[in-house]
Amino acid sequence: MKSKTIINTLLGLSVASGITSSITGIIASNYLLNFKLRDAEVIRRREIKAKRLDEAAFQALNPKDVTIQSRNGYNLSGTVVKPYNHNHWMIFCHGVTENKITSIKYLNLFISLGFNGIIFDHRRHGQSEGHYSTYGYYEKIDLESVITYLKEHYGYDIKFGVHGESMGAATTLLYAGELANEAEFYISDCAFSNFSLLLTQIIEQKSYIGSGFLLYSLNQMLRFRTHFTLNQVSPIKVIHNIEQPILFIHSKPDTFIPYTHSVALYNKKQGPKMRWYPEHGGHAASYNVNPLTYKEKVKQFLTQYHLLPPAETDVQLKL
């Protein structure tokens, strides 16, 4: 989640006088649900410039563009890469304002570790359909729909893990804690523990006015418009349901979603888990700043819990 414009607008609303709760809720919910997305070409150029995207190498993997029907009633845009004959997969969930191009760097990492993969655009992002961004509430159902697609097209015996970044990490944990316990493992990179808490922290850090009125108004309008409230987007409330191993990653300097959110999630997670809180990197930048260590930590996690797929020595990859 990277759109600080949203938060700045909400801050302005929190100090406005003479505005009724309903009007405040309408305006705040409009910005929260319909924030401006990053242009796909801008993301593409950014990833190429940073050498996180080599388009020729990616095309050499024979990516297959697919359309996935969400159980929410709209189409999702995805891309499948299957260089291996086995049925071990990774699914990737990007953050707010981004799209599946952002996920290619993580896809490359896991392909180098022996996984097949699928990347996709969340609702309202990239080439996917859908109204409103809900920070994991409806996105978790989209993720479940992607998993169903893989089963229907590649077999119900698939083994898979899920990697999520920012909103995608929260989506991953909400899916695992509320809908299903089917993945072999999860990687949560800079998730928030509770969306209401996150907005409260951001608002109260930058305003002398309390967040209570704004969040109350916002919740009322969200319930009316989208049938959910901020408190229902709360990974920490459901993480105790997740039995599978989770690797928590969160840069300590992250000022947008404080790394203490991942600390709280890690502490409440029962059973197998690992954590890595890098000393360098801003929000959703742990890989960008520490790519070699990132891969090392992921491989250590997968090795410790015996999650690496079988090696296929005949596959030659140039990533």
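Quick summary incoming for the structure in this document. Since this is a predicted model, take the numbers as computed values, not measurements.

### Comments concerning the nonpolar core
Next up, step 1: One finds Ile91, Ile118, Leu143, Phe160, Val162, Tyr175 and Tyr186 to be the most contacted residues of the largest nonpolar core, which totals 34 residues.
Next up, step 2: Broken down by element, this core gets its largest block of residues, five residues, from helix H6 (residues 139-154).
Next up, step 3: With sequence-adjacent residues up to four places away left out, Phe160 is seen in contact with Trp89, Ile91, Ile147, Tyr175, Glu182, Ala183, Glu184 and Phe185.
Next up, step 4: One finds Tyr84, Met90, Ile119 and Val298 within the second-largest nonpolar core, a separate group that totals 30 residues.

### Details of helix H7 (residues 167-179)
Next up, step 1: Compared with the 18 Å implied by 1.5 Å per residue over 13 residues, the 17 Å span of H7 between its first and last C-alpha is a close match.
Next up, step 2: With eleven of 13 residues buried, H7 is to be regarded as a mostly interior element.
Next up, step 3: Among the residues of H7, those classed as buried are Met167, Gly168, Ala169, Ala170, Thr171, Thr172, Leu173, Leu174, Tyr175, Ala176 and Gly177.
Next up, step 4: Tucked inside the fold, the buried residues of H7 contact strand S3 (88-93), H6, strand S5 (159-165), strand S6 (185-189), strand S7 (246-249) and helix H10 (260-268).

### A closer look at the sheet that holds strand S4 (residues 116-120)
Next up, step 1: Across the sheet, eight strands lie side by side as S1-S2-S4-S3-S5-S6-S7-S8; this open sheet has mixed pairing. Since the sheet does not close on itself, it has two edges, and those belong to strand S1 (64-69) and strand S8 (273-276), each with one partner. The average undirected angle you get between the axes of adjacent strands in this sheet is 20 degrees.
Next up, step 2: Examined bridge by bridge, S7 and S8 share four bridges and lie parallel to one another. Bridge pairing in S8 places Phe248 opposite Arg275.

### Observations regarding the pairing of S1
Next up, step 1: Alignment of S1 against strand S2 (residues 75-81), held across six bridges, turns out to be antiparallel. Looking at S2, one finds that Ile68 is bridged to Leu76.

### As for unusual backbone geometry
Next up, step 1: Residues other than glycine seldom take positive phi values, yet Cys190 does so here, at roughly 55 degrees.
Next up, step 2: With respect to the helices and strands, the residue Cys190 is situated in the loop between S6 and helix H8 (195-206).
Next up, step 3: Phi is positive for Ala284, close to 55 degrees, though the residue is something other than glycine.
Next up, step 4: Structurally, the position occupied by Ala284 is in the loop between S8 and helix H11 (286-289).

### Describing helix H5 (residues 104-112)
Next up, step 1: In terms of burial, H5 is largely enclosed, as eight of its nine residues are buried.
Next up, step 2: Positioned one or two residues after H5, Gly114 has a phi angle of 105 degrees, which is positive.

### Comments concerning the pairing of S5
Next up, step 1: In terms of burial, S5 is a largely internal element, six of the seven residues being buried.
Next up, step 2: Bridging between S3 and S5 involves six bridges; their strand directions are parallel. Considered in S5, the bridge of Phe92 is made with His163.
Next up, step 3: As paired strands, S5 and S6 are joined by five bridges and run parallel to one another. Bridging from a neighbouring strand, Val162 pairs with Tyr186 of S6.
Next up, step 4: For the crossover that starts at S5, traverses H7 and ends in the parallel S6, the hand is right-handed.

### Some details on the packing of H5 against helix H12 (residues 291-304)
Next up, step 1: At a minimum axis distance of 11 Å, the contact between H5 and H12 shows a crossing angle of 50 degrees. Between H5 and H12, the crossing angle belongs to the class labelled oblique. When the axes of H5 and H12 are compared, the crossing they make is right-handed. Seen from H5, the contacting residues are Tyr106, Leu109, Phe110 and Ser112; seen from H12, they are Tyr294, Lys295, Val298 and Leu302.
Next up, step 2: Looking at the contact of H5 with H12 residue by residue, the class counts come to six nonpolar, one polar and one charged.

Calculation criteria
- Residues numbered from 1 in each chain as written.
- Predicted model: local features only at pLDDT ≥ 70, side-chain atom pairs only at ≥ 80, totals over all residues.
- Heavy atoms only, no water.
- Core = buried A, V, L, I, M, F, W, Y, C linked by side-chain atoms within 4.5 Å.
- Buried < 20%, exposed > 50% of the residue type's maximum accessible area, 1.4 Å probe, protein only.
- Helix = DSSP H or I, 4+ residues; strand = E, 2+ residues; numbered from the N terminus.
- Contact = heavy atoms within 4.5 Å.
- Expected span 1.5 Å × (residues − 1).
- Pairing = 2+ DSSP bridges.
- Axes fitted to C-alpha atoms, helices over the stretch in contact; angles between N-to-C directions.
- Right-handed = clockwise from strand over helix to strand, strands pointing away.
- Parallel < 35°, antiparallel > 145°, perpendicular 65-115°, else oblique.
- Left-handed = near helix turned anticlockwise from the far one by under 90°.
- Nonpolar A, V, L, I, M, F, W, Y, C, P; charged D, E, K, R; others polar.

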